[in-house]
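Here's the letter readout for the chains.
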Amino acid sequence: MTPPSRLSFARTDPRISAPLVSTAAGTLLLVDLLRVWLPSIITIFGQAASTPAELMGAFALLWFLAPFAVVPLAARWDSGRHAAKIALAGAAGLAAARFALLFVHGGQPQLYAASIGLLAGLSWLAATAVRGGPAAVGVPVGLAAAALQHAALRTVDLTWQSRWWAAPLVAAECLLFIWYQRRTAPGRTSAAAWFLTGPAMLLAGMFALSPAVATVALSYRFDPVATTPPPTVPELLLGLAVVGFLAGATGPLRGRLERVASALAIVAAAIVFGLSDGPGGLFVALLLGCGALGWAFRAAAADTPPEPEAGRGARSGYAALAGMLVFAVAAVAYYAAYDIGYPNQWVPVAVALAPAWVLLRSGAGTPSTGVPWRAGLAALAVCLLVPLLGATTTPPVKQVGAAAGADQGLRLVAYNIRMGFGLDGTFRPAATARAIAASDPDVVVLSEVDRAWVLNGGHDGLRALATRLGMRYWFAPAADAVWGDAVLTNLPVAAAETVRLSPVGAPTGAQALGVVVRFGGREIAVVSTHIQPPPDAEPLVQVGEIAAFATRFGGDRPTFIAGDLNIEPGDAAMRAFADAGYADGFAAFRPVRTFPADKPVKQIDHVLVRGLTCADVSVGTAVTSDHAPIVTTLR
């Protein structure tokens with residue numbers, strides 16, 4: 001009898017190939033569906049924090065709790081026929097919902113199509129765990145495939161791609177999934193590996209296998225302000241992370257020392273990620289986390305018994321759903337902190353304790369799965385080459401002479417993009433880019449820029465916009481290392497700096513980003529910021545800090561402050577800016593209403609100037625955010 005630790009999925013048992021492919025394909029589809037479902041909860045059901053957090057959390061958890069009823073049904077017959085039928089039905093529902101989301105965009109239809117697909121996907125996961133399957137390898141392969149596909153797509157999921165090939169590609173993935181699901185046979189099952197599925201999905205999305213995090217990590221270059229990274233380097237970094245993850249999941253784990261080292265590495269990666277708010281931390285978290293997370297799955301393979309055991313299938317089913325419940329609770333706990341206001345650095349560390357526990361629970365060695373060397377080389381080539389499909393080039397610097405600058409003026413667009421999601425809950429970077437490009441801006445100031453939040457689908461919204469606009473970017477963190485404000489321009493940049501603003505009771509962090517551009521024979525200081533007012537009070541502390549920073553950073557240069565300031569004309573905060581020397585650039589053009597985007601009733605987005613004047617002021621009509629873009633020419 002071949003012990004499970006020596007099992008070669010490629011050579012020992014041909015029947016294993018179908019469960020392996022179906023588990024990997026199902027994991028890929030489930031991850032892709034979650035990338036739509038999670039932001040739908042926030043933007044459609046939650047209406048971007050206008051719905052009480054408790055109600056939103058209860059609605060979200062309902063879809064993770066309901067599938068627990070599947071386990072006793074799937075485990076009812078020892079023959080596994082019942083589990084097979086439930087797994088196939090769940091697989092069909094997951095595939096149907098995943099394909100439907102290519103065409104069901106926005107509003108309640110999108111929310112409930114994704115929710116029903118999630119329910120079906122979790123039912124498939126539970127029934128498959130009950131029936132038995134190679135989770136210790138199949139789930140890692142699926143997570144790796146999801147990361148590689150996301151990188152190749154430049155982190156814009158197939159749901160949001162307006163390309164003709166998106167539907168055939170998703171259809172092929174769904175058909176592959178169903179084809180192999182119908183051919184799976186009952187097998188041995190590892191409750192530990194199935195439990196790891198949920199924590200691994202979250203940690204992979206947060207840092208260990210995130211293409212967006214790879215890009216952000218390299219864009220900081222150990223500087224507080226992130227900028228456009230070198231071409232192809234982020235893609236190669238992500239590819240190497242996936243290689244490390246798969247090597248850990250399929251390679252040997254020799255004994256106690258390697259297990260302890262791996263457990264310490266995954267916990268350390270989570271600590272570094274939780275504490276990171278800028279340069280260095282994301283890079284370290286990615287490198288530490290990828291291999292250690294893979295080794296956790298390899299350690300879980302030791303939990304697989306030589307023969308199926310009575311009652312073990314039910315335990316595996318409950319373990320799979322418990323792991324996904326960890327995913328849901330931890331995701332809500334981590335990201336709700338930015339609306340409610342409490343420390344959240346402990347969340348990724350708590351989640352990392354799950355793979356650490358799997359690694360430490362046994363001291364036995366776990367040999368390699370026995371992947372043939374040709375298959376290993378092919379996997380290496382795929383991991384390194386597929387992400388390169390998403391590589392981009394750096395736009396050239398645009399020189400504007402003194403005569404042209406004086407004649408034309410500097411064209412500015414300021415836009416709170418709400419993490420890239422429109423009022424209908426869709427992620428449409430192409431439409432947002434068209435709305436910005438229509439004004440032919442020299443400088444773009446963005447607020448609420450999300451570059452990697454799992455809650456919003458793991459997109460790098462800044463890179464998606466910059467690529468479509470053909471512009472370079474400068475980004476500064478506010479809430480955490482991947483959420484903040486940005487400046488886009490192809491003008492020469494002489495300096496960049498950021499300063500943190502005092503929270504003063506506001507749960508979401510804030511900063512001021514200064515960028516000096518050369519335009520028309522002179523230097524102009526641009527300050528991008530997003531004020532976070534304290535509850536029921538004027539944001540006078542942040543206003544004072546922004547004005548002081550702009551004055552120091554701008555020096556004797558013409559300077560303007562732009563962004564979502566969350567204050568209205570006539571407020572004490574506007575008078576405080578005026579007292580500091582920053583005039584309301586739109587005062588002569590009122591009304592300039594910017595919020596909400598579909599029916600603006602108030603102005604909370606502003607351009608404040610010192611040594612400059614505004615002309616040609618207009619408000620855009622795009623609804624690709626809850627704010628409208630503002631456009632002006634500065635002279």
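You'll find the structure just up there.
Here the structure is a predicted model, which means the values were calculated and not measured. (Residues numbered from 1 in each chain as written. Predicted model: local features only at pLDDT ≥ 70, side-chain atom pairs only at ≥ 80, totals over all residues. Heavy atoms only, no water.)

A. Focus on the side chain of Ser 439. Looking at where Ser 439 falls in the secondary structure, it is placed in the loop between α17 (429-437) and β3 (443-450). Overall, the relative accessible area of 17% leaves Ser 439 in the buried class. Residues within four places of Ser 439 in sequence aside, it is in contact with Arg 411, Val 413 and Val 631. (Helix = DSSP H or I, 4+ residues; strand = E, 2+ residues; numbered from the N terminus. Buried < 20%, exposed > 50% of the residue type's maximum accessible area, 1.4 Å probe, protein only. Contact = heavy atoms within 4.5 Å.)

B. Highlighting the packing of aromatic side chains. Under the defined criterion, the tally for this structure stands at 18 aromatic pairs. When the ring of Trp 124 is compared with that of Phe 177, the centres are 5.3 Å apart and the planes differ by 85°; the resulting orientation is edge-to-face. You can see Trp 124 sitting in helix α5 (residues 107-131) and its partner Phe 177 sitting in helix α7 (residues 166-181), a full 53 residues away along the chain. With a relative accessible area of 0%, Trp 124 lands in the buried category. On the numbers, 5.0 Å between centres and 55° between planes, the contact of Tyr 335 with Trp 453 is tilted. (Phe/Tyr/Trp six-rings, centres within 6.5 Å; stacked < 30°, edge-to-face > 60°.)

C. Seen up close, the sheet that holds strand β1 (residues 226-227). With mixed pairing, seven strands are arranged side by side in an open sheet as β1-β4-β5-β3-β2-β13-β12. Sheet topology places β1 and β12 (614-619) at the edges, where each strand pairs with a single neighbour. Summarising the sheet, β3 and strand β5 (residues 483-489) pair through six bridges and their orientation is antiparallel. Bridged to Asp 450 within β5 is Trp 483. (Pairing = 2+ DSSP bridges.)

D. Representation of the environment of Leu 176 in the model. Among the secondary structure elements, Leu 176 is positioned in helix α7. Separated by 355 residues in sequence, Leu 176 and Ile 531 place their C-alpha atoms 48 Å apart.

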